[in-house]
Amino acid sequence: MNEYRHIVRILGNDIPGEKKSIVGLTQIRGIGYNFANAILLKLGIDKDSSMGYMSEESAAQIEELIQNPQSAGFPEWFLNRRKDIETGQDMHLLTSDIQFTIRKDIERERQANSWRGYRHLYGLKVRGQRTRTTGRKGGTVGVAKGGKAQPGKK
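These remarks concern the structure in this document. (Residues numbered from 1 in each chain as written. Predicted model: local features only at pLDDT ≥ 70, side-chain atom pairs only at ≥ 80, totals over all residues. Heavy atoms only, no water.)

## Brief notes about the side chain of Asp105
How we decide: Helix and strand definitions follow DSSP, with helices as H or I runs of at least four residues and strands as E runs of at least two, each counted in order from the N terminus. Only protein chains enter the calculation, and the probe is 1.4 Å; a residue is then buried if its accessible area is under 20% of its type maximum, exposed if over 50%, and partly exposed in between. In the analysis that follows, any N or O atom pair within 3.5 Å is treated as a polar contact, provided that within protein one partner can donate a hydrogen and the other can accept it, and provided that, for residues neighboring in sequence, both atoms belong to side chains.
As for its placement among the helices and strands, Asp105 is situated in helix 4 (residues 96-111). Accessibility expressed as a relative area gives 18% for Asp105, which makes it buried. Within the structure, the side chain of Asp105 is placed 2.8 Å from the side chain of Arg81, a separation counted as a polar contact. Side chain to side chain, Asp105 and Arg108 meet in a polar contact 2.8 Å long.

## Let's talk about the environment of Ser21
Formally: We call two residues contacting when some pair of their heavy atoms lies within 4.5 Å.
Summarising the element assignment, Ser21 is placed in helix 1 (residues 21-25). Residues Ser21 and Met54, 33 residues apart in the sequence, show an inter-C-alpha distance of 8.3 Å. Those residues within four positions of Ser21 in sequence are excluded, and the remaining contacts are Leu40, Asp46, Lys47, Ser49, Met51 and Met54.

## A look at helix 3 (residues 56-67)
Applied cut-off: Expected helix span is given by 1.5 Å per residue-to-residue step, counting one fewer step than there are residues. The directions from the helix axis to the C-beta atoms are what the arc is built from.
If you check helix 3, its first and last C-alpha atoms are 17 Å apart, about what twelve residues at 1.5 Å a residue would give, namely 16 Å. For helix 3, the set of buried residues is Ser58, Ala59, Ile62, Leu65 and Ile66. End-on view of helix 3: buried residues confined to an arc of 130°, all on one side of the axis. Opposite the buried face of helix 3, by more than 90 degrees, sit the exposed residues Glu56, Glu57, Glu64 and Gln67. Packed against the buried residues of helix 3 are strand 1 (7-10), helix 1 and helix 2 (33-43).

## Overview of the nonpolar core
Under the convention used in this document: By convention a nonpolar core is built from buried Ala, Val, Leu, Ile, Met, Phe, Trp, Tyr and Cys residues, the set being connected through side-chain atoms within 4.5 Å.
Judged by nonpolar contacts, the single largest core of 23 residues is most densely connected at Ile10, Leu25, Ile28, Ile39, Ile62 and Ile66. Residue assignment for this core shows that the elements contributing at least two residues are strand 1, helix 1, helix 2 and helix 3. With five residues, the single largest contributor to this core is helix 2. Those residues in contact with Ile39, other than ones at most four positions away along the chain, are Leu25, Ile62, Leu65, Ile66 and Phe74.

## Regarding the packing of aromatic side chains
Just so we agree on the cut-off: Within 6.5 Å between ring centres, the rings of Phe, Tyr and Trp (the latter by its six-membered ring) count as paired, and their orientation is classed by plane angle as stacked under 30 degrees, edge-to-face over 60, tilted in between.
By the definition in use, this model includes seven aromatic pairs. With centroids separated by 5.5 Å and ring planes inclined at 65°, the aromatic side chains of Phe35 and Phe74 adopt a geometry described as edge-to-face. With Phe35 in helix 2 and Phe74 in the loop between helix 3 and helix 4, the pair connects residues that are 39 residues apart, well separated along the chain. Exposure remark for Phe74: the relative accessible area of 11% places this residue in the buried category.

Dropping the structure here:
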């Protein structure tokens, strides 16, 4: 039996040792429940076991598999960034790379003056949702309440 560790470090993320393995892996940005489940099944690690009892070798294997899921035989539809615009490759983004890439994509849309870029620029809905009643930002608009009541006529 491995010695219990209160914090397990995987890909620069501190995962509490009392978490189950499947839940602990989902705390890494870019790894959801299904991806974590697939990783644990591929490596033969019990998903109900505690993260604190995970060995260093298992943590290293998980880290290696997360960084290169294609080498482990994961299909391309399982990745979160398919056909990247700059490289044309299928990738799986993790941690701060996700926010950076999204910000870069939005900026590219703005520079191209595309419809999506315009919607992003003005803070409007981008994916065709209705805007007549929802998506309103800022203060409420309507009848102003307050002030003194008008004196009645005598």
